[in-house]
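Structure assessment
The lines below spell out each chain.
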Amino acid sequence: MVDERTWSIAELAEEYGVTLRTIRFYEEQGLLTPARNGTRRIFADGDRVRLGLVLRGKRLGFPLDEIKKIIGMYDAEPGEVGQLRYLLDQIEQRRAELEQRRRDIDATLSDLVELERRCRADLDRLAG
């Protein structure tokens, strides 16, 4: 029998560039379930993969409750197919939110350009 590779909390923190506190928080939220040897946490490959998924989800702007739901769907009904369908729906919603935010930012930048142009014209008129 081959022993499965395990990681300490420090090793995972270093690998993913996060703090020990971040990993402990994800554990408290039920996203990671390391084994224990006394007070020492022992992370298996599944925890390592889940941590990567959590961090990717956070980078993409998903809230933790959605990330937890998506990850949890893999092992529950309706399984991987349901998980993927749900994830695709969430991706579509997130993309729509980001595209709206981009339009809002573009409009704000345009407003700032116009305001700056008017301020400079007023300054030139008053100084000249």
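Residues numbered from 1 in each chain as written. Predicted model: local features only at pLDDT ≥ 70, side-chain atom pairs only at ≥ 80, totals over all residues. Heavy atoms only, no water.

Details of the UniProt feature "domain: HTH merR-type" (unreviewed entry) in the chain
- When the UniProt feature table is mapped onto this chain, "domain: HTH merR-type" (unreviewed entry) is found at residues 6-73.
- Helix makes up 62% of residues 6-73 and strand 9%, with an end-to-end C-alpha separation of 24 Å. (UniProt positions renumbered as here; feature names shortened; annotations may be inferred. Helix = DSSP H or I, 4+ residues; strand = E, 2+ residues; numbered from the N terminus.)

So, the UniProt feature "coiled-coil region" (unreviewed entry) in the chain
- As annotated by UniProt and renumbered to match this structure, "coiled-coil region" (unreviewed entry) occupies residues 81-118.
- Along residues 81-118 the backbone is 100% helical and 0% strand, and the end-to-end C-alpha distance reaches 56 Å.

So, the packing of aromatic side chains
- Within this structure, the stated rule accounts for one aromatic pair.
- Note on Phe-25 and Tyr-26: the rings are 5.9 Å apart at their centroids and 55° apart in plane angle, and the pair reads as tilted.
- Residue classification places Phe-25 among the partly exposed positions, given a relative accessible area of 36%.
- In this structure Tyr-26 comes out as buried when scored by relative accessible area, which is 7%. (Phe/Tyr/Trp six-rings, centres within 6.5 Å; stacked < 30°, edge-to-face > 60°. Buried < 20%, exposed > 50% of the residue type's maximum accessible area, 1.4 Å probe, protein only.)

Considerations on the side chain of Arg-41
- Along the chain, Arg-41 turns up in strand S2 (residues 40-42).
- A relative accessible area of 17% places Arg-41 in the buried class.
- Within the local environment of Arg-41, its side chain forms a polar contact with the side chain of Glu-27, the two groups lying 2.4 Å apart.
- What Arg-41 contacts, discounting residues up to four positions off in sequence, is Trp-7, Ser-8, Ile-9, Arg-24, Glu-27, Pro-34, Ala-35 and Arg-36. (Polar contact = N/O pair within 3.5 Å; in protein donor to acceptor, adjacent residues only side chain to side chain. Contact = heavy atoms within 4.5 Å.)

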